[in-house]
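Here is how the chains run, residue by residue.
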Amino acid sequence: MGTADVEAVWRIESARIVAALTRFTGDFGLAEDAAQEAVAEALVSWPLAAPANPAGWLMATARRRAIDAIRRRTALQDRYALLAAGPAVDDEIDLDRIDDDVLALMFVSCHPVLSREARVALTLRVVGGLSSEEIARAFLVPVPTVQARITRGKKTIAAAGVPFELPAAGERRERLGAVLSVLYVIFTEGSTATSGDRLLRPDVAYEAIRLARTLAALQPDEPEVHGLLALCELTAARFPARTGPDGSPVLLEDQDRRRWDLAAIRRGLAALVKASTRGLGPYGLQAAIAAAHASAPSVEATDWDRIVVLYEALGRVAPSPVVELNRAVAVAMASGPAQALAIVDELIALDRLPGSHLVPTVRGELLARLGRRPEARAELELAARLCANQRERSVLLRKAAALG
């Protein structure tokens, strides 16, 4: 077995291993360190002699590493004696509680005491099984920065005495929102990279989908979990048509809808049905908007009136300037650019999205449709200056140049 095999097993099993070790040791940081040491050992030994049970091998090795680490902590000799005399590895993994432990691991990784950057890094590392190098590539930051975020995150959790347990029932839904927001951030970065020379980072987006599926399996009665999963599936369904052969962006009106992933659309629509059981929340409403796009044969045939209504509902339950900007785009398609321009100009007057390239992008498009070409060109050129993604910037400059 080679490096790719080790990485594949780790990606699938990491959450279960770290969760079981955290339950076993009572120390989240130690558990993650021991698991990483087991992976490093696997990279050396598996090419020479592949284990019959790779996941079991990783668990057993990580457990030994954890015991060794505790043994070195002289203040914890009593705990070491307890662990060393504990049950065999196969006996210690309670299959009836491992799902709860994985869910608890998600809650710990997304705990409110952590910064958003630390939550994302820890979730990808300990739940998703990504290496520091993979996380750094995904978010275009230096590897030492990711490593520092992970280290600080583990120290913060230890210093705050965060328990490894599921939140109490009354607190769980509120804390679940923090988990969902982390997965949403990860998916959003994968679906439209904030910077760099690639529009999409599908590997990052698909990792968020994998984690969302895991969460949906662990929390099947939470509609918003299914709402987020539906949103991710329906958005990712359009990935194959969103870029050309050279990686350049293909706008929605120009996409070959035959290239959309029908299986992903079906999964997304099925998840949306589950999200609708008690009324749609913010993620469910966004998924419903994505479903309206996914179900339409063309931009012209899209039910823009429905999308406007959905954005209005979203603006009531989760108001934000981005929601208002997206509503303006839908209004332009349903009722014309003049009405939409008034919405955008109000956002500008209130300074709701300072420094964002999105506002001049939309304003430029609306002005172009109204025949105000010099103003439109100036807005699109401003948007290009503000945009950090090279692919998006090239599209904006091309549109500006076409306006003469």
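Let me begin by describing the structure that accompanies this report. (Residues numbered from 1 in each chain as written. Predicted model: local features only at pLDDT ≥ 70, side-chain atom pairs only at ≥ 80, totals over all residues. Heavy atoms only, no water.)

What to know about the pattern of salt bridges
Logical step 1: Across all of its chains, the model carries 22 salt bridges by this definition.
Logical step 2: As a salt-bridge pair, Glu207 and Arg210 come within 2.9 Å of each other at their nearest N and O atoms. With Glu207 and Arg210 both in helix 11 (residues 202-218) and three residues apart, the pair spans about one turn of that helix.
Logical step 3: With relative accessibility at 26%, the residue Arg210 sits in the partly exposed group.
Logical step 4: What emerges from the salt-bridge pattern is a single network uniting Arg11, Glu134, Glu207 and Arg210. (Salt bridge = Lys/Arg side-chain N within 4 Å of Asp/Glu carboxyl O. Helix = DSSP H or I, 4+ residues; strand = E, 2+ residues; numbered from the N terminus. Buried < 20%, exposed > 50% of the residue type's maximum accessible area, 1.4 Å probe, protein only.)

Comments concerning the packing of aromatic side chains
Centre-to-centre distance and the angle between the planes together describe a pair of aromatic rings.
Logical step 1: Applying the stated criterion across every chain, the model contains four aromatic pairs.
Logical step 2: Plain terms: the ring middles of Phe187 and Phe239 are 6.3 Å apart, the flat faces sit at 15 degrees to each other, and that makes the pair stacked. With Phe187 in helix 10 (residues 169-191) and Phe239 in helix 13 (residues 239-242), this pair connects stretches of sequence that are 52 residues apart.
Logical step 3: The exposure class assigned to Phe187 is buried, which follows from its relative accessible area of 3%.
Logical step 4: Among the residues examined, Phe239 registers a relative accessible area of 4% and is labelled buried.
Logical step 5: Members of the aromatic cluster, connected to one another through ring pairs, are Phe187, Tyr206 and Phe239.
Logical step 6: In this structure, Arg238 is placed above the aromatic ring of Trp260, and the distance from its NZ or CZ to the ring centre is 5.9 Å. (Phe/Tyr/Trp six-rings, centres within 6.5 Å; stacked < 30°, edge-to-face > 60°. Lys NZ or Arg CZ within 6 Å of the ring centre and 35° of its normal.)

Digging into helix 14 (residues 262-275)
Logical step 1: Over its 14 residues, helix 14 runs 20 Å from end to end, which matches the ideal 20 Å to within 8%, given 1.5 Å per residue.
Logical step 2: Turning to helix 14, its buried residues number three or more, namely Ala264, Ile265, Gly268, Ala271, Leu272 and Ala275. Burial along helix 14 is one-sided: seen end-on, the buried residues are contained in an arc of 130 degrees. In helix 14, the exposed positions that point more than 90 degrees away from the buried face belong to Leu262, Arg266 and Val273. (Expected span 1.5 Å × (residues − 1). Arc of directions from axis to C-beta.)

A short note on the packing of helix 6 (residues 98-109) against helix 11
Logical step 1: Viewed as axis vectors pointing N to C, helix 6 and helix 11 meet at an angle of 125 degrees, and their least axial separation amounts to 10 Å. As the angle between them shows, helix 6 and helix 11 are arranged oblique. When the axes of helix 6 and helix 11 are compared, the crossing they make is left-handed. Of the residues in helix 11, those touching helix 6 at Asp99, Val102, Leu103 and Met106 are Leu211, Thr214, Leu215 and Leu218. (Axes fitted to C-alpha atoms, helices over the stretch in contact; angles between N-to-C directions. Parallel < 35°, antiparallel > 145°, perpendicular 65-115°, else oblique. Left-handed = near helix turned anticlockwise from the far one by under 90°. Contact = heavy atoms within 4.5 Å.)

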